[in-house]
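Given next are the chains, with one letter for each unit.
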Amino acid sequence: MREATIRDVAREAGVSISTVSKVLNQKGRVGTQTIEHVRKVAEQLNYTPNSIAVSMVVKKSNLIAVMVPDIITDFYAQVIQGVEEAAREIGLSTIIVNTDAKRENEYGLLYGRIGKLVDGVVAIPSVNDRQIYAAFDKPIVFVDRLVDDAGIDSIVIDNYNGAHAATRYLIGKGHRRIGFISAGLDINVGKERYLGYAQALRDFKIAENRDYVYFGDWHEATGQRAVEHFSALKQPPTALFAANCNICIGVLKYCSGHAVKIGADYSLIGFDDHLLAHYASPKVTVVSRPTIEMGHQAVAMLENRMTPQGRRESRKKIVLPVKLVERDSVSAVSDESK
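Residues numbered from 1 in each chain as written. Predicted model: local features only at pLDDT ≥ 70, side-chain atom pairs only at ≥ 80, totals over all residues. Heavy atoms only, no water.

## Observations concerning the overall build of the chain
And then number 1: A count of helices and strands for the chain gives 14 helices and 12 strands.
And then number 2: A globule of 338 residues ought to have a C-alpha radius of gyration of about 20 Å, yet the chain, at 25 Å, is considerably larger.
And then number 3: For the chain, the spread of C-alpha atoms along the principal axes amounts to about 90 × 35 × 35 Å.
And then number 4: Burial status across the chain gives 48% buried among its 338 residues.
And then number 5: Put simply, 68% of the contacts in the chain that link residues at least 6 apart link residues at least 24 apart. (Helix = DSSP H or I, 4+ residues; strand = E, 2+ residues; numbered from the N terminus. Rg over C-alpha atoms; globule rule 2.2 N^0.38 Å. Buried < 20%, exposed > 50% of the residue type's maximum accessible area, 1.4 Å probe, protein only. Contact = heavy atoms within 4.5 Å.)

Structure, rendered in structure tokens:
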């Protein structure tokens, strides 16, 4: 005997499929008598809801995707946590998709089966390419990173002022030779952090030394290669500014493996808090951002975009503040060592 479907329940109860869905999912306005009648029919037919089948019929899955470049980085994991917490509160389920920071994976996920199934997407894009998103017809919210001219809602943080504050803090400790380690300038986060660093140097009339700026990617290897590069200079920096948590971890790993002492040989400040920053010796001073809150606000923005009224609203961009968390990895330097 075949299993009853939502269509069977709707036909037997004499109501629409969408009404059955509303009753079974406890969403939308349905009269009390209709609710009781539909539930009674469903019980008589021994109906078990198939969420995927229901979503295909009513064009709504109550499922959102969280698209991230990887699932290892602390920052991405915390954003995912924030998204899942907020989604759960409003009855949405989440599916996590990892792009491995590849354009073709981003495109394939959006326009493949997952993109067709979900009601919306919270995305941390890997590349600044609006063509990936141009034809996608469901709501998207960007977190952290922007795509130029995409016209998509976003939750970001104050990268510029965070980097400016970090550099200013190092200068306040007497440092004039400050190394900056980051990915390139093609994504807003790298560009804004570099600009904040460079402006702080100008504010204190410190000439920027191109040997002290190292661009790679957002992974640990960049931090390791950067310290190797700086250490080979005739006059190395006295302080290092790592523009994300992975780069900061790479710096710590290199120093640990090469008898380089943080605080003595190099002062260190990182952008993003992370577990190793808490447990390293010395503990690392960082620019901290509200990562879980970014996930919460992304879901609120996405929920609004999934309504007819929200779809008509103009693009929104929310910029959240950051804060400097002072620990022990930055030492003051004397005039002789500048």
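Picking up where we left off.
## What about the side chain of Asn246?
And then number 1: The topology assignment puts Asn246 in helix α11 (residues 245-257).
And then number 2: Its relative accessible area of 11% is what places Asn246 among the buried residues.
And then number 3: There is a polar contact of 2.9 Å between the side chain of Asn246 and the side chain of Thr73.
And then number 4: A polar contact is formed between the side chain of Asn246 and the backbone oxygen of Trp218, at a distance of 3.3 Å.
And then number 5: Ignoring sequence-local partners within four residues, the contact set of Asn246 consists of Thr73, Trp218, His219 and Glu220. (Polar contact = N/O pair within 3.5 Å; in protein donor to acceptor, adjacent residues only side chain to side chain.)

## Things to note about the nonpolar core
And then number 1: Counting 71 residues, the largest nonpolar core has Tyr197, Phe230, Phe241, Val251, Leu268 and Val284 as its most contacted members.
And then number 2: At 7 residues, the largest contribution of residues to this core is made by helix α5 (residues 74-89).
And then number 3: Aside from chain neighbours lying at most four places away, what touches Val284 is Cys248, Leu252, Leu268, Gly270, Ala277, Arg327 and Ser329.
And then number 4: With 15 residues, the next largest nonpolar core counts Val118, Ala123, Val147 and Ile152 among its residues. (Core = buried A, V, L, I, M, F, W, Y, C linked by side-chain atoms within 4.5 Å.)

## What to know about a nonpolar patch on the surface
And then number 1: Judged by side-chain polarity, Ile71, Ile72 and Ile96 come together as a nonpolar surface patch covering roughly 320 Å² of accessible area.
And then number 2: By the secondary structure assignment, Ile96 is in strand β2 (residues 93-98). (Patch = residues over 30% accessible without salt bridge, like charges linked within 9 Å, V, L, I, M, F, W, Y side chains within 5 Å. Areas by Shrake-Rupley, 256 points an atom, 1.4 Å probe, with all protein chains shown as cover. Salt bridge = Lys/Arg side-chain N within 4 Å of Asp/Glu carboxyl O.)

## Concerning the packing of helix α2 (residues 17-25) against helix α3 (residues 32-44)
And then number 1: For the pair α2 and α3, interaxial distance at closest approach is 10 Å and the crossing angle is 90°. Our classification of the angle between α2 and α3 gives roughly perpendicular. Together, Thr19, Val20 and Val23 of α2 and Thr34, Ile35, Val38 and Arg39 of α3 make up the contact between the two elements.
And then number 2: Along the lines of polarity and charge, the residues of the contact of α2 with α3 split into 4 nonpolar, 2 polar and 1 charged. (Axes fitted to C-alpha atoms, helices over the stretch in contact; angles between N-to-C directions. Parallel < 35°, antiparallel > 145°, perpendicular 65-115°, else oblique. Nonpolar A, V, L, I, M, F, W, Y, C, P; charged D, E, K, R; others polar.)

## Here we look at the environment of His219
And then number 1: Tracing the sequence through the fold places His219 in the loop between β7 (213-216) and α10 (220-231).
And then number 2: Classification of His219 by relative accessible area gives partly exposed; the value is 40%.
And then number 3: Sequence-wise, His219 and Thr73 are 146 residues apart; in three dimensions their C-alpha atoms are separated by 9.1 Å.
And then number 4: Those residues within four positions of His219 in sequence are excluded, and the remaining contacts are Asn246 and Ile247.

## Description of the pattern of salt bridges
And then number 1: One pass over the full model with this rule turns up 10 salt bridges.
And then number 2: With a closest N to O distance of 2.7 Å, Asp8 and Arg11 form a salt bridge. Taken together, the residues Asp8 and Arg11, both in helix α1 (residues 6-13) and 3 residues apart, mark about one turn of the helix.
And then number 3: Taking the shortest distance from any N to any O, the salt bridge between Arg210 and Glu208 comes out at 2.7 Å.
And then number 4: Classification of Glu208 by relative accessible area gives partly exposed; the value is 28%.
And then number 5: One continuous salt-bridge network, built from bridges that share partners, spans Asp144, Asp272 and Arg289.

## Overview of the packing of aromatic side chains
And then number 1: Under the criterion given, the structure shown has 9 aromatic pairs.
And then number 2: On the basis of an interplanar angle of 55° and a centroid distance of 5.7 Å, the ring pair of Phe75 and Tyr76 is categorised as tilted.
And then number 3: With relative accessibility at 4%, the residue Phe75 sits in the buried group.
And then number 4: Measuring from centroid to centroid gives 4.5 Å for Tyr107 and Tyr111, while their planes differ by 40°, and the two rings are tilted. Placement of both Tyr107 and Tyr111 in helix α6 (residues 103-111) is noted, with a separation of 4 residues, approximately one turn of the helix. (Phe/Tyr/Trp six-rings, centres within 6.5 Å; stacked < 30°, edge-to-face > 60°.)

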